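Chain by chain, the residues run as shown.
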Amino acid sequence: MAGQKSNEMWGGRFAEGPDAIMRAINASIGFDRRLASQDIAGSLAHVDMLGATGIVDEADAKQIKAGLETVLREIQSGDFSFSEALEDIHMNVEARLRDLIGPAAGRLHTARSRNDQVATDFRLWVRDQLDGADAAITALLQALLRQAEKGVDWVMPGFTHLQSAQPVTWGHHMMAYVEMFSRDLGRIRDARRRMNESPLGAAALAGTSFPIDRDMTAKALGFDRPCANSLDAVSDRDFALEFLSVSSICAMHLSRLSEELVIWSTAQFRFVRLSDRFSTGSSIMPQKKNPDAAELIRAKIGRIMGANVALMIVMKGLALTYSKDMQEDKEPVFDAADNLFLALAAMTGMVNDMTALPETLKAAAGAGFATATDLADWLVREKGLAFRDAHHVTGALVSLAETKDCALHELTLSDMQSVNDKIDEGVYSVLSVENSVASRMSYGGTAPEQVRFQIKRWKEILEQ
């Protein structure tokens, strides 16, 4: 409001304080307080460097460091009072530091700007989320491997267009998700490697005339190296966009698995039984057991992908370097991270707890003439038919079985020979779902022997 005291951290240029509405739109402390530990870690690395290079004398550096450690303890214990008037986490920390140690606190901001400070804080925070996602996805992969191992030779239908296509095994189906989530893990690790550069020391945008040691601060904060261009260092948010992109793909994979669990747990399918821990009931229908955890995970993709789009739009029109628009980078990332970790934890719990029902799986495996392809392959392999001719013969046999309302293996030999006289008793060896899956011995196929090989391979990879 007019005449109100201006912000002491930046207000020397201004005769009056900001309007209340300006304060409300400008302040970020309501959400960026989540960066407190990263902000103080960056400040501790910075003051150590200032002391080591002689930019700040040793006594002041020691006092500042002790003060920052006190501020961190206050924040962690819940004793810290955050002020909207001080706008953001950086100013809140610095103001409290001044209360604790006096004028020496003002030396902390030597050779840096809020621009490189927030870029450093945010990178550190996103890096922590990537590490957390790495651990969470690894736990999910281990849960999927355990399920695969339980049902390595349980036959079940494989689907295309959600129509029964060919028999596969439960283990093979679980291992498909191992492959899927392992790519998410690879993307996370790749993104972490690429983003692990330190913006600290880029200052406002052009670097600094002080003789700082950027390698020292980068090493102290666990970065591989300093960012090589000061303009890019303060304006880059690719690391956040990559995190959101990786999270969106992972959430999409979680949604696909959730959809299968929703379908499989219905009375019509009964492929799996979900545990009570991850199900809910109905307020009116006492028989209901709803897969609400899976349904909610399935919905998380909207929030996470929405965050990705939101930040992309914030960044798309910004000239170099920093603009206040970039204050809008954090809330969507915070929300996406929260929802990704919740979804991963819930899915890992569901996969660990769920019980596949082998008898139901087996009964469904042969439905829809699922071994028709095996019959066509047998005609090619054993009787020398061209595949297109074998395809035609098999199609005619399927039509005949439909007319007789029976499965392919229930057709008599004379029925089959009425379509093609080359068919003999040997055909029945390929019409069982067990023989069908056992024959799929190509690398990556559904044969139990191949599935066991893939389980062993992935166990070794994760142990490394």
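Now for a look at the structure at hand. (Residues numbered from 1 in each chain as written. Predicted model: local features only at pLDDT ≥ 70, side-chain atom pairs only at ≥ 80, totals over all residues. Heavy atoms only, no water.)

By the definition in use, this model includes 30 salt bridges. Glutamate 259 serves as the salt-bridge partner of arginine 298, at 2.6 Å between the closest nitrogen and oxygen. Of the two residues, arginine 298 sits in helix H11 (residues 292-315) while glutamate 259 sits in helix H10 (residues 238-264), which places them 39 residues apart along the sequence. Given the relative accessible area of 29%, arginine 298 is considered partly exposed. Here arginine 303 makes a salt bridge to aspartate 335, at a shortest N to O gap of 2.6 Å. Taken as a pair, arginine 303 in helix H11 and aspartate 335 in helix H12 (residues 330-353) lie far apart in primary sequence, 32 residues in all. (Salt bridge = Lys/Arg side-chain N within 4 Å of Asp/Glu carboxyl O. Helix = DSSP H or I, 4+ residues; strand = E, 2+ residues; numbered from the N terminus. Buried < 20%, exposed > 50% of the residue type's maximum accessible area, 1.4 Å probe, protein only.)

Quick look at helix H14 (residues 372-383) now. Between its terminal C-alpha atoms H14 stretches 16 Å, which fits the 16 Å expected from 12 residues at 1.5 Å a residue. Inspection of H14 places Ala372, Asp374, Leu375, Ala376, Trp378 and Leu379 among the buried residues, and these make up the whole buried set. Buried residues along H14 sit in contact with helix H15 (387-404) and helix H17 (433-439). (Expected span 1.5 Å × (residues − 1). Contact = heavy atoms within 4.5 Å.)

So, about the side chain of aspartate 121. Residue position: aspartate 121 is located in helix H6 (residues 114-150). Arginine 112 provides the closest opposite charge to the buried, salt-bridge-free aspartate 121, at an N-O distance of 6.6 Å. Discounting residues that sit within four places of it in the chain, aspartate 121 has contacts with Leu35, Gln38, Asp39 and His90. (Lys, Arg positive; Asp, Glu negative; His and termini not counted.)

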